[in-house]
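Structure at a glance
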Amino acid sequence: MYLTREEEAMLKGEYGYAAQKSMEILVALGKIYDAERMIEIKSAQISGVSYKSLGDEGLEFIEKLAEDGRVRVPTTLNPCGIDLERWRELGFPEDFAKKQFKVIEAYLKLGIMRTLTCTPYLAGNRPRLGDHIAWSESSAIIYANSVLGARTNREGGPSALAAAIAGRTPLYGLHLDENRSPEIEVKIPRSLSGYGYAALGFLVGRLAGDKIPLFRGIKLISDEELKLLGAALACSGGIPLFHIEGITPEAKLNPKINAPERYEIGVDEIKEVYDELNDYDVDPDLIFIGCPHSSIRELIIFLELLRGRAVKRRTWIFTSRFTRTLGEKLGVVEKLENLGVKVICDTCPIVAPIRKLGIRSIATNSAKGAWFSRNLNGLKVRFMSIEMLVELAVK
Ligand code: F3S
């Protein structure tokens, strides 16, 4: 693998411990994937922020890098395990919070921005078409590749952090044109709406594994639906990129793209996903939206659907502090909270120690949120539209 003089120097330790460790990780990856050289990146997004997933070993690794390391490109952070301002009020355990603050402190020392969101593209880190980036967090990766047309492989937390510190990543996989073409074509009978796209993503993720799908038949899809679709595709499969005929940028640039394998999805198959992701006998302890983190539009939609009615059970909207601040300025957050909805920041329903809050069942409009709540957190789940969630919340 060809390395520039600067990269060689980093590898030899001339730029300090963190840069050397980072180059070692990147060179090892480059060798595995046969990369010819490195490519400079425009930004990084780091997952592995919750103390729940990192543990003491992960914390020590980051603290060691932070002794002499600093990121070279704008770098944002995935959600952590607590809302940094309201953790006491929400009942998060003190010992967990203390460790979580130490993790954040180490990341800040490295020069990383405390965005704490899985939608960095809604919080100031929005790459452009063709930008090379190194992102971890599967829902953000698929959104950046597909909706924005940026280029990232499915990085893990350590490789994204290494790329941020070195300012580069090995040139392979989705950084190269030839690996971004669709491999399966999926025809759907008509446009869906809301959580229907989450169900579609969940179904196609299973069907496609990690192959790149090209969707035909979608006439209309909002940014929020693209977010739900992508998160579900990346959750049930390992899909890092999708195209939608006439809608996503690379499909628009190349309207004649085709895929070798073809499938047609019917309404009945989508209904089977609704059944699979619903424990129908459950009365949920918590209703949430915001997996991936909610946009300002989702906050407004939720408020409008409430029509002034107060919620009667625990109802949370997960979002970034960036979006919450915008919502505060627009008066949306105050109205939601006056009706009993909590607008939670910095954390997510999966990486927060949710069982320690006594929660045993949830309802959500996110297929990813439902799947991980059941399989990682051992909760009973309901999967339904945002309209149905609101009606359940006020009942
Ligand atoms: Fe985001 Fe957590 Fe869902 S990181 S995509 S809210 S599982």
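Right above here is the structure, for reference.
Residues numbered from 1 in each chain as written. Predicted model: local features only at pLDDT ≥ 70, side-chain atom pairs only at ≥ 80, totals over all residues. Heavy atoms only, no water.

Details of the nonpolar core
Counting residues in each nonpolar core, the largest one holds 101 residues, and the members touching the most others are Tyr107, Leu200 and Phe215. Among the elements that line this core, the one with the most residues is helix 8 (residues 195-208), at nine residues. With 22 residues, the next largest nonpolar core counts Leu306, Val343, Ile386 and Val390 among its residues. (Core = buried A, V, L, I, M, F, W, Y, C linked by side-chain atoms within 4.5 Å. Buried < 20%, exposed > 50% of the residue type's maximum accessible area, 1.4 Å probe, protein only. Helix = DSSP H or I, 4+ residues; strand = E, 2+ residues; numbered from the N terminus.)

Details of the site of the ligand
Around the ligand lies a shell formed by Pro79, Cys118, Glu137, Ser139, Gly290, Cys291, Pro292, Cys348, Pro349, Ile350 and Lys368. With three residues, strand 10 (residues 286-294) is the single largest residue contributor to the shell around the ligand. Split into classes, the residues belonging to the shell around the ligand amount to seven nonpolar, two polar and two charged. (Near = heavy atom within 4 Å. Nonpolar A, V, L, I, M, F, W, Y, C, P; charged D, E, K, R; others polar.)

Some details on the sheet that holds strand 14 (residues 380-383)
The five strands are arranged 12-11-10-13-14 in an open sheet whose pairing can be described as parallel. Strand pairing shows two members of the sheet lacking a second neighbour, strand 12 (342-345) and strand 14, which therefore form its edges. When the angles between neighbouring strand axes are averaged without regard to direction, this sheet yields 30 degrees. Direction of pairing for strand 10 relative to strand 11 (residues 315-319): parallel, over a ladder of four bridges. Looking at the pairing, Ile287 lines up with Thr315 of strand 11. Contacting strand 10, strand 11 and strand 12, helix 12 (residues 296-306) crosses the sheet at an angle of about 155 degrees to strand 10. (Pairing = 2+ DSSP bridges. Axes fitted to C-alpha atoms, helices over the stretch in contact; angles between N-to-C directions. Contact = heavy atoms within 4.5 Å.)

Details of the environment of Leu3
Take Leu3: it is sitting in the segment before helix 1 (5-12). Residue Leu3 is classed as buried on the basis of its relative accessible area, which comes to 11%. Counting along the chain gives 175 residues from Leu3 to Glu178, while the straight-line C-alpha distance between them is 23 Å. When near neighbours in sequence (up to four residues on either side) are disregarded, Leu3 contacts Glu8, Leu11, Met23, Val27 and Met38.

A short note on the packing of helix 8 against helix 11 (residues 267-276)
Two elements in contact, helix 8 and helix 11, have axes whose closest approach is 9 Å; the angle formed by their N-to-C orientations is 95 degrees. When the interaxial angle is binned, helix 8 and helix 11 end up roughly perpendicular. Touching Tyr195, Gly196, Ala199, Leu200, Phe202, Leu203 and Arg206 of helix 8 are Glu269, Ile270, Val273, Tyr274 and Glu276, all from helix 11. Class assignment for the residues of the contact of helix 8 with helix 11 results in eight nonpolar, one polar and three charged. (Parallel < 35°, antiparallel > 145°, perpendicular 65-115°, else oblique.)

Topic: helix 7 (residues 157-166)
Burial within helix 7 is extensive, with nine of its 10 residues counted as buried. Of the positions making up helix 7, those classed as buried are Gly157, Ser159, Ala160, Leu161, Ala162, Ala163, Ala164, Ile165 and Ala166. Positive backbone phi, at 75 degrees, marks Gly167, one or two positions downstream of helix 7.

Here's the deal with a negative patch on the surface
A cluster of acidic residues, Glu57, Glu60, Glu63 and Glu105, forms a negative patch on the protein surface. Counting residues per element, the negative patch draws most heavily on helix 3 (residues 51-66), which supplies three residues. With respect to the secondary-structure elements, Glu57 resides in helix 3. (Patch = residues over 30% accessible without salt bridge, like charges linked within 9 Å, V, L, I, M, F, W, Y side chains within 5 Å. Areas by Shrake-Rupley, 256 points an atom, 1.4 Å probe, with all protein chains shown as cover. Salt bridge = Lys/Arg side-chain N within 4 Å of Asp/Glu carboxyl O. Lys, Arg positive; Asp, Glu negative; His and termini not counted. Charge placed at Lys NZ, Arg CZ, Asp CG, Glu CD.)

Some thoughts on the packing of aromatic side chains
Going through the model one piece at a time under the given rule, you end up with 11 aromatic pairs. Ring centres 6.0 Å apart and planes at 50 degrees place the aromatic pair Tyr274 and Phe383 in the tilted group. On the criterion of sequence distance, the pair formed by Tyr274 in helix 11 and Phe383 in strand 14 is long-range, its members being 109 residues apart. Overall, the relative accessible area of 17% leaves Tyr274 in the buried class. Judged by its relative accessible area of 2%, Phe383 is buried. Linked through ring pairs, Tyr195, Tyr274 and Phe383 together constitute an aromatic cluster. (Phe/Tyr/Trp six-rings, centres within 6.5 Å; stacked < 30°, edge-to-face > 60°.)

Section: unusual backbone geometry
Residue Pro292 is bonded to the preceding Cys291 through a cis peptide linkage, with omega at 0 degrees. Structurally, Pro292 can be placed in strand 10. Positive phi, normally seen in glycine, also occurs at Arg307, with a value near 45 degrees. Its place among the elements puts Arg307 in the loop between helix 12 and strand 11. Of note, Asp346 is a non-glycine position whose phi angle comes to about 75 degrees, a positive value. Structurally, the position occupied by Asp346 is in the loop between strand 12 and strand 13 (361-364). The exposure class assigned to Asp346 is buried, which follows from its relative accessible area of 2%.

A word on the pairing of strand 13
Because side chains alternate across strand 13, one face comprises the buried residues Ser361 and Ala363, and the other comprises Ile362 and Thr364, equally buried. Sheet topology note: the strand 10/strand 13 ladder contains three bridges and is parallel. Note on strand 13: the bridge partner recorded for Leu286 is Ile362. Of the strand pairs in this sheet, strand 13 and strand 14 are connected by four bridges, and their pairing is parallel. When the sheet's bridge partners are listed, Ala363 is paired in strand 14 with Arg382.

Re the sheet that holds strand 7 (residues 213-216)
With parallel pairing, four strands are arranged side by side in an open sheet as 8-7-6-9. Every other strand in the sheet has two partners, leaving strand 8 (243-244) and strand 9 (261-264) as the edge strands with one partner each. Judged from the four bridges that link them, strand 6 (residues 184-187) and strand 9 form a sheet pairing that is parallel. Within strand 9, the residue paired with Glu185 across the bridge is Arg262.

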